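Architecture and fold: a report
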Amino acid sequence: MAKLYLEKLKCVTTEGWSGFDEPRLVVQDRGTVWNGTVLGDRMYTVKYDCDFTGRIAVSLWEDDGPDEDDKLGKHWITDTPGERSLRFKANGAEYRLLYAVE
């Protein structure tokens, strides 16, 4: 069994025309584990951890309205130990999620 640590979310650019987004991180079988209102070019602390076996999916959504372009991406994290980052880029937005697996 591995342990996943979601550590920080960096908003490189926002999707919203207003200059801020309302992203939420969703972890497979655990639902929303972090959400907030963010500005571009800022780093935010996530501080979420969970146990998993094999691989686990992490998705990023933008909660600006109920439309199909709200999904900014989905990645699978494997149980290989180490510190890494994921890049979510869609609809003009770009985010980086820093995480670790033990």
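Scroll up to find the structure.
Our subject in this report is the structure included herewith.

**Description of the sheet that holds strand β1 (residues 2-13)**
- Read from one edge to the other, the open sheet built from four strands follows the order β6-β1-β10-β9, with strand pairing classed as antiparallel. Looking along the sheet, the strands with just one partner apiece sit at the ends: β6 (42-52) and β9 (82-90). Neighbour-to-neighbour, the strand axes of this sheet turn through a mean angle of 20°, independent of strand direction.
- Of the strand pairs in this sheet, β9 and strand β10 (residues 93-101) are connected by nine bridges, and their pairing is antiparallel. From the neighbouring strand, Arg 84 faces β10, where its bridge partner is Tyr 99.

**Points about the pairing of strand β4 (residues 31-35)**
- Sheet topology places strand β3 (residues 23-27) next to β4; four bridges connect them, and they run antiparallel. Within the sheet, the bridge partner assigned to Leu 25 lies in β4 and is Trp 34.
- Hairpin connection, β3 to β4: the antiparallel pair is bridged by three residues, and Asp 29 has positive phi, about 65°.

**Here's the deal with the sheet that holds β4**
- Spatially, β4-β3-β7-β8 is the arrangement adopted by the four strands of the open sheet, whose pairing is antiparallel. Edge positions in the sheet fall to β4 and β8 (71-78), since each has one partner strand and no second. Each strand of the sheet is rotated relative to its neighbour by a mean of 25°, with strand direction disregarded.

**Some points on the pairing of strand β7 (residues 55-62)**
- Burial of β7 is extensive: six of the eight residues sit out of reach of the surface.
- Here β3 runs beside β7; their pairing, made up of five bridges, is antiparallel. Paired with Arg 24 across the strands is Trp 61, a residue of β7.
- Bridge count for β7 against β8 is seven bridges, and the pairing is antiparallel. If you follow Ile 56 over to β8, its bridge partner there is Ile 77.

**Observations concerning the packing of aromatic side chains**
- Inspection of every chain in the model, using the stated rule, returns one aromatic pair.
- Directly above the ring of Trp 76 sits Arg 55, whose terminal nitrogen or CZ lies 3.8 Å from the centroid.

**A closer look at unusual backbone geometry**
- Positioned with a positive phi, Asp 29 is a non-glycine residue whose angle comes to about 65°.
- With respect to the element layout, Asp 29 can be found in the loop between β3 and β4.
- By relative accessible area, Asp 29 is classed as exposed at 72%.
- For Asn 91, which is not a glycine, the phi torsion comes out positive at approximately 55°.

**A word on the pattern of salt bridges**
- One pass over the full model with this rule turns up six salt bridges.
- Across the salt bridge formed by Lys 10 and Asp 41, the nearest N and O atoms sit 3.3 Å from each other. Highlighted residues: Lys 10 in strand β1 and Asp 41 in the loop between β5 (38-39) and β6, separated in sequence by 31 residues.
- By relative accessible area, Asp 41 is classed as exposed at 58%.
- Among the ionic pairs, Asp 63 bridges to Arg 24, the shortest N-O distance being 2.9 Å. Here Asp 63, found in the loop between β7 and β8, pairs with Arg 24, found in strand β3; they are 39 residues apart in sequence, far enough to count as distant.
- For Asp 63, a relative accessible area of 34% puts it in the partly exposed group.
- Here Arg 24 falls in the partly exposed class, since its relative accessible area comes to 23%.
- Beyond isolated ion pairs, a larger network of salt bridges with shared partners links Lys 3, Asp 49 and Asp 51.

Reading the values: rules and limits
Residues numbered from 1 in each chain as written. Predicted model: local features only at pLDDT ≥ 70, side-chain atom pairs only at ≥ 80, totals over all residues. Heavy atoms only, no water. Pairing = 2+ DSSP bridges. Helix = DSSP H or I, 4+ residues; strand = E, 2+ residues; numbered from the N terminus. Axes fitted to C-alpha atoms, helices over the stretch in contact; angles between N-to-C directions. Buried < 20%, exposed > 50% of the residue type's maximum accessible area, 1.4 Å probe, protein only. Phe/Tyr/Trp six-rings, centres within 6.5 Å; stacked < 30°, edge-to-face > 60°. Lys NZ or Arg CZ within 6 Å of the ring centre and 35° of its normal. Salt bridge = Lys/Arg side-chain N within 4 Å of Asp/Glu carboxyl O.

Geometric descriptors of this kind do not, in isolation, establish any biological role.
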